[in-house]
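# Fold and geometry: a report
Residue-level listing of the chains:
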Amino acid sequence: MPQIKKQLINIISQADVVADASTLRDDINLSDQGVDSLGIFNIILSIQDHYAIEIPDEDIEDLKTINNLTAYIKSKLQ
């Protein structure tokens, strides 16, 4: 598993928004997998803290899956 995706699963785990973050599918919306809007907000805040990046509100709407989040983080770190 690529490093960013592995870290992202760990961040989601620590945010305690699902019972087992390792069972989340990469290509399905997090909201369809039981993560509510507050959970997604907590994940976004944790990502910002972990990677020291700023995620503008207008970008959050497009960050619905683990694949979306991974690609976004990768683009911000380059």
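Read on for a plain summary of the structure. (Residues numbered from 1 in each chain as written. Predicted model: local features only at pLDDT ≥ 70, side-chain atom pairs only at ≥ 80, totals over all residues. Heavy atoms only, no water.)

### Remarks on the overall build of the protein chain
From N to C terminus, the protein chain includes 4 helices and 0 strands. Its helices and strands in sequence order give the protein chain the pattern α-α-α-α, from N to C terminus. In summary, the protein chain has a C-alpha radius of gyration of 11 Å against a globular reference of 12 Å for 78 residues, a match within 12%. The proportion of buried residues among the 78 residues of the protein chain is 37%. For the protein chain, the proportion of contacts with a sequence separation of at least 24, taken over those separated by at least 6, is 52%. Carbon and sulfur atoms make up 46% of the accessible area of the protein chain, which amounts to about 4800 Å² in all. Between the averaged position of the 6 positive side-chain charges in the protein chain and that of its 13 negative side-chain charges there is a distance of 10 Å. (Helix = DSSP H or I, 4+ residues; strand = E, 2+ residues; numbered from the N terminus. Rg over C-alpha atoms; globule rule 2.2 N^0.38 Å. Buried < 20%, exposed > 50% of the residue type's maximum accessible area, 1.4 Å probe, protein only. Contact = heavy atoms within 4.5 Å. Areas by Shrake-Rupley, 256 points an atom, 1.4 Å probe, with all protein chains shown as cover. Lys, Arg positive; Asp, Glu negative; His and termini not counted. Charge placed at Lys NZ, Arg CZ, Asp CG, Glu CD.)

### Brief notes about a nonpolar patch on the surface
Residues Leu 38, Phe 41 and Leu 45 make up a contiguous nonpolar surface patch of roughly 300 Å² in combined accessible area. Topologically, Leu 45 is positioned in helix α2 (residues 37-51). In this structure Leu 45 comes out as partly exposed when scored by relative accessible area, which is 35%. (Patch = residues over 30% accessible without salt bridge, like charges linked within 9 Å, V, L, I, M, F, W, Y side chains within 5 Å. Salt bridge = Lys/Arg side-chain N within 4 Å of Asp/Glu carboxyl O.)

### Some details on the packing of helix α1 (residues 3-15) against α2
α2 packs onto α1 with a crossing angle of 125° between their chain directions and a minimal axis gap of 10 Å. Put simply, α1 runs oblique to α2. As α1 runs across α2, the sense of the crossing is right-handed. Facing α1, whose interface residues are Ile 4, Gln 7, Leu 8, Ile 11, Ile 12 and Ala 15, α2 presents Ile 43, Ser 46, Ile 47, His 50 and Tyr 51. Its residues placed into classes, the contact of α1 with α2 shows 8 nonpolar, 3 polar and no charged. (Axes fitted to C-alpha atoms, helices over the stretch in contact; angles between N-to-C directions. Parallel < 35°, antiparallel > 145°, perpendicular 65-115°, else oblique. Left-handed = near helix turned anticlockwise from the far one by under 90°. Nonpolar A, V, L, I, M, F, W, Y, C, P; charged D, E, K, R; others polar.)

### Notes on the side chain of Lys 5
Counting through the fold element by element, Lys 5 comes out in helix α1. Residue contacts for Lys 5: discarding those within four places in its chain leaves Asp 26, Ile 66, Asn 67 and Thr 70.

### What about α2?
Between the first and last C-alpha of α2 there are 21 Å, a value that for 15 residues agrees with the 21 Å anticipated at 1.5 Å per step. As for α2, its buried residues are in contact with α1, α3 (57-60) and α4 (66-77). At the exit of α2 stands Ala 52, carrying a positive phi of roughly 55°. (Expected span 1.5 Å × (residues − 1).)

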